[in-house]
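If you want the building blocks of each chain, they are given just below.
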Protein chains: 2
Amino acid sequence: MFSGAQISLYPMCDDFVGIIRGAIGALDPYRPRFRIETDDVSTLIVGPPDELFPAMRDLFVAASRTGTHCVLSATVSRGCPGEPDDPICTPIPGVQGVALDRRIAAAHAAVAAATPTGQQVAAQFSLYPLGADRHMDEIYGCIDFLKGSGVFDRSKNFCTKLRGDAGPVFATLSEAFLRFGSAGGHVALDLTVSANSPTAA
Amino acid sequence: MFSGAQISLYPMCDDFVGIIRGAIGALDPYRPRFRIETDDVSTLIVGPPDELFPAMRDLFVAASRTGTHCVLSATVSRGCPGEPDDPICTPIPGVQGVALDRRIAAAHAAVAAATPTGQQVAAQFSLYPLGADRHMDEIYGCIDFLKGSGVFDRSKNFCTKLRGDAGPVFATLSEAFLRFGSAGGHVALDLTVSANSPTAA
């Protein structure tokens, strides 16, 4: 299993470099378990699949606390056949052989236990279970979970929109990524999270 | 066939609203053939699959010409089973029953014919041919095309990076979206395009 994300942080202000530099320290607690590489378009984080969304949450909340309109965009992946296995990417428990309804219940319990951060966000994402004939079954199961997550906003074309505190929102995203699609299969997730938008509903 | 994209434009400056408003007129020539809806996170464009990337190119180049560091992020989709057919989304010719090597040659010819815009960009994207057992064959075929496109920068984890003039870069993205994955199948593409980055190579 290889799991990680290409992430980008977009503060909509003249001092975007200062805000990114100020927020990047939020990744420090994750560095011992992550491989992190940056270029001019995105930062790669490779690490345990269940720590990817907590790391993105902490980075994004640190940037958003400045009050600036900020967006985090990420391409998250696990089990990509073109990538080598990596010992820092541990397997995902509670998926293999577990019925969809039990996975939905476990995902709801995980979101209910999430700690609020005090930062409101809007998020939208698409889940891609690849190489599977029945990929829409997993997507519809995931949508069932999302509708009961407490942070469901609405379905949009090509994606689902969430809204609420960054704590349960990122927990919901993490559960969608970890519990749907096959346990050892190739799953990708395309994510946008926004805070402090002047046009937020 | 239903085709479209959720797109977002991120100008990294205090006057991000002004830059977005100034650039949005670049979509005017496409409006007669597109359905366009905006909320606080993204703008939906639904229309002919071969006009999606030209529309994104014109929007992005209009914003980037201000010299501001700008990013366009998009989730592009065709053939999603959860979406209704739409008469404004025409079928894609030259894919069904056409061998991979002939599709690669046709894609190269299309990119060679692209008009330069004068705007340099970096782009990275992931292609997701869904509901297909042999999805990696299409992905590897697409990577072969990209390596000969003239704007290939490098392979990264989870995505491929392009660099060059926005004309051939967006043409390359469009060909990747239109010619790989099955003609009537579900294909998604996750895109980030950046211009005027202070850290660009």
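Scroll up to find the structure this text is about.
Conventions adopted
- Residues numbered from 1 in each chain as written.
- Chains lettered and ligands numbered in written order.
- Predicted model: local features only at pLDDT ≥ 70, side-chain atom pairs only at ≥ 80, totals over all residues.
- Helix = DSSP H or I, 4+ residues; strand = E, 2+ residues; numbered from the N terminus.
- Buried ≥ 20, exposed ≤ 12 C-beta atoms within 10 Å, placed from the backbone.
- Contact = placed C-beta atoms within 7 Å.
- Nonpolar A, V, L, I, M, F, W, Y, C, P; charged D, E, K, R; others polar.
- Least-squares fit on C-alpha atoms with pLDDT ≥ 70 in both.
- Pairing = 2+ DSSP bridges.
- Axes fitted to C-alpha atoms, helices over the stretch in contact; angles between N-to-C directions.
- Expected span 1.5 Å × (residues − 1).
- Parallel < 35°, antiparallel > 145°, perpendicular 65-115°, else oblique.
- Left-handed = near helix turned anticlockwise from the far one by under 90°.
- Core = buried A, V, L, I, M, F, W, Y, C linked by C-beta atoms within 7 Å.

*Asks:* Please clarify how the overall build of chain A should be interpreted in this entry.
*Replies:* The helix and strand inventory of chain A stands at five helices and eight strands. Listing each helix as α and each strand as β along chain A from the N terminus yields β-α-β-β-α-β-α-β-α-β-β-α-β. Out of the 201 residues belonging to chain A, those deemed buried represent 51%. Contacts spanning at least 24 positions in sequence make up 79% of the contacts within chain A whose residues lie at least 6 apart.

*Asks:* Would you take a moment to explain unusual backbone geometry for this structure?
*Replies:* With glycine set apart, most residues show a phi of negative sign, and most peptide bonds adopt trans. All names here are of chain A. The backbone of Phe 158 sits at a positive phi, close to 75 degrees, despite the residue not being glycine. Along the chain, the position of Phe 158 falls in the loop between strand E6 (152–156) and strand E7 (159–165). Judged by the 25 C-beta atoms lying within 10 Å of it, Phe 158 is buried.

*Asks:* Please explain the interface of chain B and chain A as it appears in this structure.
*Replies:* How big an interface is tends to be reported as the loss of accessible area on association of its parts. Contacts between the two partners involve 45 residues from chain B and, on the opposite side, 45 residues from chain A. The set of elements that each furnish at least two residues to the side of chain B that touches chain A consists of strand E1 (3–11), helix H1 (16–23), strand E3 (43–46), strand E4 (70–78), strand E5 (120–130), helix H4 (135–147), strand E7 (159–165) and strand E8 (186–195) of chain B. Taken together, the residues of the side of chain B that touches chain A break down into 22 nonpolar, 16 polar and seven charged.

*Asks:* Looking at this model, I keep getting lost on the relation of the copies chain B and chain A. Mind explaining?
*Replies:* The second copy of the chain is related to the first by a rotation about an axis and a shift along the axis. Laying chain B over chain A is done by rotating through 180 degrees and shifting 0.0 Å along the axis; what remains is an RMSD of 0.0 Å. The superposition of one copy onto the other is thereby described by a two-fold rotation axis. The overlap is high: 100% of the interface residues of chain B also sit at the interface in chain A, so the same surface is used on both sides.

*Asks:* Would you explain the pairing of strand E1 (residues 3–11) of chain A in this entry?
*Replies:* Within a regular strand, the side chains alternate between the two sheet faces. Residues and elements named next belong to chain A. With nine of its nine residues buried, E1 lies for the most part within the structure. Here E1 shows two buried faces, one formed by Ser 3, Ala 5, Ile 7, Leu 9 and Pro 11 and the other by Gly 4, Gln 6, Ser 8 and Tyr 10. Pairing geometry for E1 and strand E4 (residues 70–78), over nine bridges, is antiparallel. Following the sheet pairing, Leu 9 is matched in E4 by Leu 72. Strand direction decides the pairing type here: E1 and strand E3 (residues 43–46), joined by four bridges, are antiparallel. Each bridged residue has a counterpart across the sheet, and for Gln 6 the counterpart in E3 is Leu 44.

*Asks:* Help me understand the sheet that holds strand E8 (residues 186–195) of chain A in this model?
*Replies:* Strands in a sheet are paired, the pairing made by backbone hydrogen bonds, and the direction either parallel or antiparallel. Residue and element names in this part refer to chain A. One open sheet holds the eight strands; their spatial order is E2-E3-E1-E4-E8-E5-E7-E6, and the pairing between them is antiparallel. With one partner strand each, in any of the chains shown, strand E2 (35–38) and E6 form the two edges of the open sheet. The average angle at which neighbouring strand axes cross in this sheet is 20 degrees, direction not considered. In the sheet, strand E5 (residues 120–130) pairs with E7 via six bridges, with the strands oriented antiparallel. Across the sheet, Phe 125 pairs through a bridge with Thr 160, a residue of E7. Helix H4 (residues 135–147) contacts E5, E6 and E7 of the sheet and is inclined by roughly 160 degrees relative to E5.

*Asks:* I keep staring at the sheet that holds strand E2 (residues 35–38) of chain B and nothing clicks. Help me out?
*Replies:* All names here are of chain B. As summarised here, the arrangement of the eight strands in space is E2-E3-E1-E4-E8-E5-E7-E6, forming an open sheet in which the pairing is antiparallel. Each edge of the sheet is formed by a strand with only one pairing partner; in this case those strands are E2 and strand E6 (152–156). Taking the axes of each pair of neighbouring strands and ignoring which way they run, one obtains an average angle of 20 degrees across the sheet. Note that E2 and E3 share four bridges and pair antiparallel. Looking at the pairing, Arg 35 lines up with Val 46 of E3. Against the sheet, H4 contacts E5, E6 and E7, and its axis sits at roughly 160 degrees relative to E5.

*Asks:* What's the story with helix H2 (residues 52–64) of chain B in this structure? I'm lost.
*Replies:* The α-helix advances 3.6 residues per turn, and as a result positions three or four apart in sequence lie on the same side. All names here are of chain B. Compared with the 18 Å implied by 1.5 Å per residue over 13 residues, the 18 Å span of H2 between its first and last C-alpha is a close match. Taken together, the buried positions of H2 are occupied by Leu 52, Phe 53, Ala 55, Met 56, Arg 57, Asp 58, Leu 59, Phe 60, Val 61, Ala 62, Ala 63 and Ser 64. Buried positions along H2 lie against E1, H1, E3, E4, helix H5 (166–179) and E8.

*Asks:* How should I be thinking about the packing of H2(B) against H5(B) in this particular structure?
*Replies:* Packed helix pairs are specified by the crossing angle of their axes together with the interaxial distance, meaning the distance between the axes. All names here are of chain B. At their nearest, the axes of H2 and H5 sit 9 Å apart, and the two run at 150 degrees to each other. It follows that H2 is roughly antiparallel to H5 by the angle criterion. In the packing of H2 onto H5, the handedness of the crossing is right-handed. Residues Phe 53, Pro 54, Met 56, Arg 57, Phe 60 and Val 61 of H2 touch H5, and the partners they reach there are Ala 166, Phe 170, Leu 173, Ser 174 and Phe 177. For the contact of H2 with H5, a count of residues per class yields nine nonpolar, one polar and one charged.

*Asks:* Just checking my understanding: could you explain the nonpolar core for this structure?
*Replies:* In a soluble, globular protein the nonpolar side chains are often hidden away together inside. With 124 residues, the main nonpolar core has Met56(A) and Met56(B) as its most contacted residues. Apart from the residues within four sequence positions on either side, Met56(B) is in contact with Ala5(B), Ile7(B), Leu72(B), Ala74(B) and Phe170(B).

*Asks:* What exactly am I supposed to notice about the environment of Ala62(A) here?
*Replies:* Residue and element names in this part refer to chain A. Along the polypeptide, Ala 62 turns up in helix H2 (residues 52–64). By the C-beta count within 10 Å, which is 20 here, Ala 62 ends up buried. C-alpha separation for the pair Ala 62 and Lys 147, spaced 85 residues apart in sequence, amounts to 28 Å. Beyond its immediate stretch of four places on either side in the chain, Ala 62 contacts Ala 23 and Ala 26.

*Asks:* Got a minute to help me understand the packing of H4(B) against H5(B) in this structure?
*Replies:* Residues and elements named next belong to chain B. Look at H4 against H5: their axes get within 10 Å of each other, and the N-to-C directions meet at 160 degrees. Regarding the angle of H4 to H5, the classification is roughly antiparallel. The element H4 and its partner H5 pack so that their crossing is right-handed. Residues Cys 142, Phe 145 and Leu 146 of H4 touch H5, and the partners they reach there are Thr 172, Glu 175 and Ala 176.

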